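One-letter residues, chain by chain:
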Amino acid sequence: MASLSVKPGQRFTLPDWQNNSLLISADAEQQRYNSHQVRQEGRALRNETGNQAKWDEHNSRTRLKDRINTVDRWREALARCLTDIDLEIEALTKVKETAENALQAKNLCLDVAIECLTFRESRRDIDVVRDPVEEELLKEVKVIEKTKKELQQRVDDAFKQLCLLKEARQQLSSDHQHKVETLELDRQCMSFNPTSGNISFKVNPTRIPYGTTALHEWELNSQRNKERAEAEMKASVDLRGAITLSIAQTENELDAQRIATEFALRKRMRDMEGALSELRWQEQNTLEEIAEMEEEIRQLEEDIQKRTLDLKVAHTRLETRTYRPHIELCRDQAQYGLTDEVQQLEGTIRALQQKRTESQDALDALYRQLHRIRTDIGYKTNSLQLDNKCMDTRKKLVVPVEKFEPEVDAVNRTRNLPRKSQLELA
């Protein structure tokens, strides 16, 4: 008789089967809900990151535009300065050539004067006298040599100034060229977009390259180059005026120089007196500050001593409480408070000691400054005395005619009358 084949294995009940179906349905719904949440979050993230990327790119492009405009303005300013300095170099070169020609022309005048004196050396016997002609010729030689020396100095000054102008121009030209290259690179950066064919990942693109400078240093460098060029051009303009004035000097140069020197001396004396007054005022204020600083240091030391005593008390309390017996040796609130007090006092003492050190350094600096002020007062007092002596000495340049006593030549029975220059000075 045939028998029924039974498959071995676990048999589940109908409720188990129903529960399994419900569980699968619930899991499916939960997974769909989770998937929906992930999709919503992904969509929000895409929107947020997309907007952020667009805004960041817009900011970067705006900053690049602003930077390009700034660099371009500096490039134009440097270009104008280069043009001006080229014109000034050309003008100073022409003035220098004019001074050199004037200096060369003085050689002929000097040769003529010396030749005249040489001719007159051929005189014999009683004709060999120092007459007004010889005196005028000797004076002419002296004036010519002085003029040549002045012109040569002006030519040397012009040469040095031309070197300074060319050096300043070289710095301007280098700065201008760098800005041209920078503009080209920044404009190239402006042209980049996601569809450009020459974009790629770079190794450590956010690194700070060696030699990178701060923005204020960049501005300061360009400003310094421009200001130096302008200063050299101004000095060149002043020098050109001085050279032109030297070429056009007249016989009144000595009187004008004497007046200018005395005017400068008086002005210098007034400035020196003003400087002495200022230094004495600074000395008085420094002495007052020294007294206040010494009092402050004394008070700091007193506070340090007071806090040190407080620290000793706290240490003693902590140490004494370590001898509490058995279970009484516990970390109670008093222990925490004493520990905090020790730490606070130690920090306070360190701060007071640091401030005392800083105050002492400031006091030492004040004493050094006081010594410097007093030394400078001595220098300026001596300079003022020397300037007074110079003014007294320069009074000898003015000899009143009525006080001039002519000397009688016993041989020729002639008088040594005052020369025309002395009368003019008088």
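For clarity, every value in this text was computed on a predicted model and none was experimentally measured.

### Observations regarding the side chain of Thr286
Then, in step 1: Along the chain, Thr286 turns up in helix α4 (residues 253–321).
Then, in step 2: In this structure Thr286 comes out as buried when scored by relative accessible area, which is 7%.
Then, in step 3: Once you skip the residues sitting within four places of it in the chain, Thr286 turns out to touch Leu366, Leu370 and Ile373.

### Concerning the layout of surface pockets
If a probe as big as a water molecule is rolled over the atoms, it shows which places are left empty.
Then, in step 1: Quantified by volume, the second largest pocket comes out at close to 310 Å³.
Then, in step 2: If you trace the second largest pocket, you find it lined by Lys202, Pro205, Thr206, Arg207 and Pro209.
Then, in step 3: In terms of residue class, the lining of the second largest pocket is built from 2 nonpolar, 1 polar and 2 charged.

### Thoughts on the pattern of salt bridges
Then, in step 1: Under the defined criterion, the tally for this structure stands at 20 salt bridges.
Then, in step 2: Arg228 is the salt-bridge partner of Glu167, the closest N and O atoms lying 3.3 Å from each other. Here Arg228 lies in helix α3 (residues 215–247) and Glu167 lies in helix α2 (residues 132–191), a separation of 61 residues in the sequence.
Then, in step 3: When the shortest N-O distance is used, the salt bridge between Glu302 and Arg298 registers 2.3 Å. With Glu302 and Arg298 both in helix α4 and 4 residues apart, this pair spans about one turn of that helix.
Then, in step 4: Exposure remark for Glu302: the relative accessible area of 33% places this residue in the partly exposed category.
Then, in step 5: In the salt-bridge network here, residues are joined through shared partners; they are Asp72, Arg75, Glu76 and Arg187.

### Thoughts on the environment of Arg75
Then, in step 1: Within the secondary structure layout, Arg75 lies in helix α1 (residues 14–120).
Then, in step 2: Given the relative accessible area of 22%, Arg75 is considered partly exposed.
Then, in step 3: Put simply, Arg75 and Val180 are 105 residues apart on the chain and 7.1 Å apart in space, counted from C-alpha to C-alpha.
Then, in step 4: Residues in contact with Arg75, not counting those within four places in the same chain, are His176, Lys179, Val180 and Leu183.

Rules and cut-offs
Residues numbered from 1 in each chain as written. Predicted model: local features only at pLDDT ≥ 70, side-chain atom pairs only at ≥ 80, totals over all residues. Heavy atoms only, no water. Helix = DSSP H or I, 4+ residues; strand = E, 2+ residues; numbered from the N terminus. Buried < 20%, exposed > 50% of the residue type's maximum accessible area, 1.4 Å probe, protein only. Contact = heavy atoms within 4.5 Å. 1 Å grid on protein atoms, 1.4 Å probe; cavity = no way out; pocket = protein on both sides within 12 Å on 5 of 7 lines; lining within 4 Å. Points joined across faces, edges and corners; volume = space filled by probe spheres on them. Nonpolar A, V, L, I, M, F, W, Y, C, P; charged D, E, K, R; others polar. Salt bridge = Lys/Arg side-chain N within 4 Å of Asp/Glu carboxyl O.

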